[in-house]
Amino acid sequence: MNIRIFQLLPVALLLLILSACGPEEAPTPTPTKTPAVAVQPTETPAPAAQTQTGGGSSAQPQGQNAGQPVRAMINVSQLNVRSGPGTTFDVVSTASQGQQFDLIALSDDRTWAQIAQNGAPRGWVSVDFITIQGELANVGRTDTIAESPQAQPAPTPTPSSGPVTYLPATMESPDFGAQAFLWWRPEVSDRDLKLMKDAGFNWVKQAFAWETIEGAGKGQFDWSIADRVVGEVNKDGLKLLARVGVDPDLHNFWAGHPPASGDHFADFVRTVAQRYNCTPQAQGCIQAFQIWNEPNLAREWGNNRPNPAEYAQFLGKAYRAIKAVHPNAIVISAGMAPTGDDSALAMPDDKFYDLMYQAMGGNSSGYFDMLGVHGAGFAAPPELDPAEAAANPRYGGYRFFSFRRVEDIRAIMVRYGDANKKVVILEFGWTSDSVNPSYKWHGADAGIDERTKALYLVGAYKWAKDNWRPWIGLMSMLTMPNLDWLNDGNPRDEEQYWWAIMEPSPVDRLDFRDSFIVLCLYFNELQGQGCPYFNP
């Protein structure tokens, strides 16, 4: 392995670091896909469940179970949670089969139950779709709910006291970030954020999937997970880049897919940006937004031929919507997939960017604040010239098979007069894949193991620091682990697993890979301190 080329730490120290990381453990089983929220038809209230007691007034607790909490378990795949006891009330969120809540009140006719989680009311559900555990005599009756279909949902939590301040929407050159999986795994999300903070990352990138927030229909929002994620990121002292988009494989989504969904999408991102606009009155703070992902692929563009002009219009609508309610937010264009295919299925990334600038009239004002790119290194070390990647079949035979492909895209910006705007690398990294044919040619077959990957990642940040300032902004690498990779018992067939800088680990265990430790040492050294997870 050629360590000399990185010149970021003495060779002896790098060897000490990597030897202290120890031998790699056998991979732990892990999962793949993020679950999508299914939208259930609106429920119809039915007669009270068999476990209910009759009568129109609340009974006093009695017997040995007096005062014990009553639990409600959801027994259908997806259940609407409403702002009041009836189908005329707004849907404020959904609950999934098997979820359990505290049952804190029954409607006067005892056909609707008010549920709570961690002491906070969530809303009302029909009792016909829950299993009640406990004595209903311990549950009070609520007969003071306003008989209005416009009743408001339970208030969302707000900071407890004192003035609210958030980290500013600014970027260093370069700045340090990584993709994380915070949405579906609350048991490890706070831990992973703390690990990132301790390691020296400043930003975390998280997907905010449209269908998981406004999946039930226009204007029907479920903020429960988004509020938790934003709150945790803010609390743990990191900045948040939200990648807003929709699962391209989702069928029958109410808003459809791009480009036809552009107006609905603009309304959605406006609502998200307003809720998390970093003001003292806000629910939280999102500092930056990535608008969609890889629209140069047909599968990401409603299975339509990639169209840079359509994306520019889509991007402009989202930009104006966000800036109207969150003027300090950083709006970043989508990164493009590296490809040489120019067909109905895909468009080369450099061609897409060039045509996008033409569609904007050569002027990106009103479309984005920073240009998003992708910078996977494939089989090449980070300092390799794209011309070498194109000339040498070992590296793939195209310029885009190199980390420094970013420089080609930067040249397009400069040509159109955008030299004063930053580039944000929304995805970059190297894989050590030894299994999946589409990836292992530039992973294990190219000699990239976990230790090489660690050096290449730090080398990429070093190259940017030495050669790309001041125009480089955030560099968001792949990736913190996803505990869902463990679901099918075999993480090795999940290609994302091989990009990760840690093993997917339960909350009570930390399984670092070389990349995490070496990055932690590098980032902390720049601050004049040591990595808290490195014990030589």
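That block above? That's the structure.
Report follows, based on the coordinates. All values reported here derive from a predicted model rather than from experimental measurement.

Re the pairing of strand β5 (residues 112–117)
Here is step 1: Across the six residues that make up β5, a large majority, five, are buried.
Here is step 2: Of the pairings in the sheet, the one linking strand β4 (residues 100–107) to β5 comprises four bridges and is antiparallel in character. Within β5, the residue paired with L103 across the bridge is I115.
Here is step 3: With antiparallel pairing between neighbouring strands as the criterion, β4 and β5 make up a hairpin whose turn holds four residues, including R110 at a positive phi of roughly 60 degrees.
Here is step 4: Note: β5 against strand β6 (residues 120–126), six bridges, orientation antiparallel.

A few points about the sheet that holds strand β9 (residues 175–179)
Here is step 1: Across the sheet, which stays open at both edges, the eight strands sit in the order β13-β12-β11-β10-β9-β16-β15-β14 with parallel pairing between neighbours. For this open sheet the edge positions go to β13 (330–333) and β14 (371–374), each flanked by a neighbour on one side alone. Across the sheet, the axes of successive neighbouring strands diverge by a mean angle of 25 degrees, strand direction being ignored.
Here is step 2: With four bridges joining them, β9 and strand β16 (residues 472–477) adopt parallel strand pairing. Bridge pairing links D175 to L474 in β16.
Here is step 3: The strands touched by helix α4 (residues 224–235) within the sheet are β10 (203–209) and β11 (239–245), with β10 carrying the most contacts at an inclination of about 175 degrees.
Here is step 4: Where helix α11 (residues 450–467) meets the sheet, it contacts β9 and β16, and its direction lies at approximately 175 degrees from that of β16.

Some details on empty space enclosed by the protein
Here is step 1: If you walk through the whole model with that rule in mind, you get four cavities of 30 Å³ or more.
Here is step 2: For the second largest cavity, the calculated volume is near 40 Å³.
Here is step 3: Together, M336, D349, Y353, V373, H374, R405, V406 and I409 line the second largest cavity.
Here is step 4: Of all elements in the fold, only α7 (349–359), β14 and α9 (405–415) reach the threshold of two or more residues within the lining of the second largest cavity.
Here is step 5: Ranked by residues supplied to the lining of the second largest cavity, first place goes to α9 with three residues.
Here is step 6: A per-class count over the lining of the second largest cavity returns five nonpolar, one polar and two charged.

Concerning the environment of L519
Here is step 1: Tracing the backbone through its elements, the reader meets L519 in helix α12 (residues 514–526).
Here is step 2: Expressed as a C-alpha distance, the spacing of L519 and V458, which sit 61 residues apart in the sequence, is 6.1 Å.

Section: the nonpolar core
Here is step 1: Grouped together as the largest cluster of nonpolar side chains are 99 residues, with contacts concentrated most on F201, F208, I291 and Y311.
Here is step 2: Sort the elements by how many residues they give to this core and helix α6 (residues 308–325) lands first, with nine residues.
Here is step 3: Sequence-distant contacts of Y311, defined by excluding residues within four places in its chain, comprise I291, W292, P295, W301, S333, A334, M336, F352 and M356.
Here is step 4: Judged by nonpolar contacts, the second largest core, of 19 residues, contains I74, V92, I132 and L136.

The rules behind the values
Residues numbered from 1 in each chain as written. Predicted model: local features only at pLDDT ≥ 70, side-chain atom pairs only at ≥ 80, totals over all residues. Heavy atoms only, no water. Buried < 20%, exposed > 50% of the residue type's maximum accessible area, 1.4 Å probe, protein only. Helix = DSSP H or I, 4+ residues; strand = E, 2+ residues; numbered from the N terminus. Pairing = 2+ DSSP bridges. Axes fitted to C-alpha atoms, helices over the stretch in contact; angles between N-to-C directions. Contact = heavy atoms within 4.5 Å. 1 Å grid on protein atoms, 1.4 Å probe; cavity = no way out; pocket = protein on both sides within 12 Å on 5 of 7 lines; lining within 4 Å. Points joined across faces, edges and corners; volume = space filled by probe spheres on them. Nonpolar A, V, L, I, M, F, W, Y, C, P; charged D, E, K, R; others polar. Core = buried A, V, L, I, M, F, W, Y, C linked by side-chain atoms within 4.5 Å.

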